[in-house]
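Here's the letter readout for the chains.
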Amino acid sequence: MSVLVFVEINKGRVKKASLECVNYAAKIAQLTSSSVVVFVNNADASQLEEIGKAGASKILAVKNDKVGTDSVYTTAAIEQAVKAENAKTIVFAFDLTGKSVAPRLSAKLKAGMVAGATDYPVVNGNSFEVKKNVFSGKASALYSINSDIKIISLLPNSFPITLGSNAASVVDFNVDLGSVTSKIIVKEVKSNASDGMVPLTEAELVVSAGRGLKGPENWGIIEELAKSLNATTACSRPVSDMHWRPHHEHVGQTGFAIRPNLYIAIGISGAIQHLAGVNGSKTIVVINNDKEAPFFKSADYGIVGDAFSIVPKLTEAIKKFKANQN
Amino acid sequence: MKILVAISNVPDTTTKIQFSDNDTKFNSAGVTFVINPYDEWYALVRALELKESGAAEKVTIIHVGLADSEATIRKGLAIGADDAVRVDAEGPDSYFVSEQIANYAKANNYDLVMMGKETINYNGSSVGAMVAGLMDLPFVSLATKLDVSGNKAIIEHEIDGGTQVVECEFPMVLSAAKGMAEQRIPNMRGIMASRTKPLAVIPATGSAGLTSIKSYQLNPGRTTCKMLSEDSLDELVNLLHTEAKVI
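Residues numbered from 1 in each chain as written. Chains lettered and ligands numbered in written order. Predicted model: local features only at pLDDT ≥ 70, side-chain atom pairs only at ≥ 80, totals over all residues. Heavy atoms only, no water.

**Digging into the overall build of chain A**
Helices and strands together make up the secondary structure of chain A, namely eight helices and 18 strands. The C-alpha atoms of chain A give a radius of gyration of 21 Å, which matches the 20 Å a tight globule of 326 residues would have. Once the C-alpha set of chain A is aligned to its principal axes, its extents read approximately 60 × 45 × 45 Å. Counting the 326 residues in chain A, one finds 59% classified as buried. The long-range fraction of contacts in chain A, counting pairs at least 24 apart against all pairs at least 6 apart in sequence, stands at 64%. Only carbon and sulfur atoms are counted for the fraction: they give 50% of the accessible area of chain A, which is about 13,100 Å². Considering chain A, the positive charge centre built from 35 side chains and the negative charge centre built from 29 side chains are found 4 Å apart. (Helix = DSSP H or I, 4+ residues; strand = E, 2+ residues; numbered from the N terminus. Rg over C-alpha atoms; globule rule 2.2 N^0.38 Å. Buried < 20%, exposed > 50% of the residue type's maximum accessible area, 1.4 Å probe, protein only. Contact = heavy atoms within 4.5 Å. Areas by Shrake-Rupley, 256 points an atom, 1.4 Å probe, with all protein chains shown as cover. Lys, Arg positive; Asp, Glu negative; His and termini not counted. Charge placed at Lys NZ, Arg CZ, Asp CG, Glu CD.)

The structure is reproduced here in structure tokens:
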């Protein structure tokens, strides 16, 4: 019996969310007396080593150009690995790939799925229960998975990554996609301009600003603060709607839901739709000139005052702190 | 071309969430229910625009739920859908709901099945990909633009770190995200017309669900916000390091 983990390589490195999944699967393997098998496509030696350190006992090294391009191919390939390894639990990251592949696999295998798990499963004989957030983070629900094969997609940044000294056995795994066809034809790919920042959905530190900044020309102080922390910049919905900032920076209910370790909100009032996208953040700092701003009720640290005066001073304070650390 | 839009009936975003029966049921007393915003603003409205432009002949709403969700379905008809079908069952999970949608879409030859990127109650982002898997059809997630050219859809959608433009022959399934369309307020004529539009009620087919919810729990909110002054930013940085341990 095994716990199968789908691991992705992105921009030359093992996705952080994937390493979290390997750690998570190692815990499930303990609970279910099984072993951790990783499915990964086009990984190099150092990436395979890192996956081993995260807790894989065996790695199915796949080399197939169709895997990872379209959920039809990726799902069919993983289905073959599930059968070959007698996998009873399959773990994905609850990211864009996980959201299109895991449910498809669930349909194919008739395997019950919990999408966006936030904690380890509780296994007791035949009972298998997993917690996830519901109502946009306002509550959580404990799900029981009642099928023989179980699928969990893990909400990114739910657990810190630990790497040990374990080395996995690596085997070549040939997937046969000869009978699988996808009708989706990719015509064009556009990359978001990111200025070398960590993508928002993976970022541990996020500096976000709203209408309080008064105009796109004032974003320099936000970018400076983000740079001092090595954080990723984000924005509220009105800011993205007015095209002050690109759409891919928009966090909130209609934008991206994120849960970084630190979320600094500057000039954002904290409407419930915004909170729905950020309330999973570990620590929230709010800077706003309105002491009645609802966001202060959902923050850990707050400063009432003028962002144009506070933000540059905060950037200096962080630079000073970093300099002292070195 | 015929479009099937799946809608979910969800508590309004501003709802104060409460549970009953020893925290095993969502307490719907006094709660305002609405069409799941992503299903409505993005999927349904874009489907209607395609019909208005002549690219689609018919837009049908499908909803899996009990009779108390009919007001929500009628609102979809008031916005402009031609007809609606309600699968008369309380869906225990995404798999069950997906099976109902897939079975109906297959039996009635819909070319395009679409819905929002996720529901705001269970946040699973699963139904679209499951429907596609059950029907063995292509699936495109997080579509931000959709056009139709002959028997093909041309779609722009979000991928990791960017966007992609794809083409896909019908039939297919897609989930819709911000950018597809703008919210529409139903007008009086639409509301009047919605009362007499066909709303079929059909029994559920297929299996029971594969998962069940044992209990709910409210997530603890933040209780106290530590207020600092503009002159104590060094202290804030220190707190982020020593107390919150995030930098």
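Having seen it, we continue.
**Here's the deal with the interface of chain A and chain B**
Across the contact, 85 residues belong to chain A and 75 residues belong to chain B. Linking chain A with chain B are eight salt bridges, by the criterion used here. Ionic pairing is found between Glu 156 of chain B and Lys 190 of chain A, a salt bridge with its closest N-O pair at 3.4 Å. The tally of links from chain A across to chain B stands at 45 residue pairs in polar contact (both at pLDDT 80 or more). For the side of chain A that touches chain B, the per-class residue count stands at 36 nonpolar, 29 polar and 20 charged. Inspection of the sheet shows strand E10 (residues 139-145) of chain A paired to strand E14 (residues 211-218) of chain B by seven bridges, in the antiparallel sense. Bridging across to E14 of chain B, Ala 141 of chain A finds its partner in Tyr 216 of chain B. (Salt bridge = Lys/Arg side-chain N within 4 Å of Asp/Glu carboxyl O. Polar contact = N/O pair within 3.5 Å; in protein donor to acceptor, adjacent residues only side chain to side chain. Nonpolar A, V, L, I, M, F, W, Y, C, P; charged D, E, K, R; others polar. Pairing = 2+ DSSP bridges.)

**Describing the packing of aromatic side chains**
The geometry of an aromatic ring pair comes down to the distance between the two centres and the angle between the two planes. Applying the stated rule across the entire model yields 15 aromatic pairs over all chains. Ring plane angle 70° and centroid distance 6.1 Å describe the contact between Trp 219 of chain A and Trp 244 of chain A, whose orientation is recorded as edge-to-face. Of this pair, Trp 219 of chain A sits in the loop between strand E14 (205-209) and helix H5 (220-229) while Trp 244 of chain A sits in the loop between helix H6 (237-241) and strand E16 (262-266), placing them 25 residues apart in sequence. Assessed through its relative accessible area of 1%, Trp 219 of chain A is described here as buried. Joined through ring pairs, the aromatic side chains of Phe 135 of chain A together with Phe 19, Phe 26, Phe 33, Tyr 122 and Tyr 216 of chain B make up one cluster. Over the ring of Tyr 120 of chain A we find Lys 27 of chain A, and its NZ or CZ is 5.2 Å from the ring centre. (Phe/Tyr/Trp six-rings, centres within 6.5 Å; stacked < 30°, edge-to-face > 60°. Lys NZ or Arg CZ within 6 Å of the ring centre and 35° of its normal.)

**Considering the packing of helix H4 (residues 96-109) of chain A against helix H4 (residues 127-135) of chain B**
Running from N to C, H4 of chain A and H4 of chain B cross one another at 45°; their axes reach a closest spacing of 7 Å. Comparing their axes, H4 of chain B and H4 of chain A come out oblique. Remark: the crossing between H4 of chain A and H4 of chain B carries right-handed chirality. Touching Lys 99, Ser 100, Pro 103, Arg 104, Ser 106, Ala 107 and Lys 108 of chain A of H4 of chain A are Ala 129, Met 130, Ala 132, Gly 133 and Leu 134 of chain B, all from H4 of chain B. Among the residues forming the contact of H4 of chain A with H4 of chain B, the class breakdown is six nonpolar, three polar and three charged. (Axes fitted to C-alpha atoms, helices over the stretch in contact; angles between N-to-C directions. Parallel < 35°, antiparallel > 145°, perpendicular 65-115°, else oblique. Left-handed = near helix turned anticlockwise from the far one by under 90°.)

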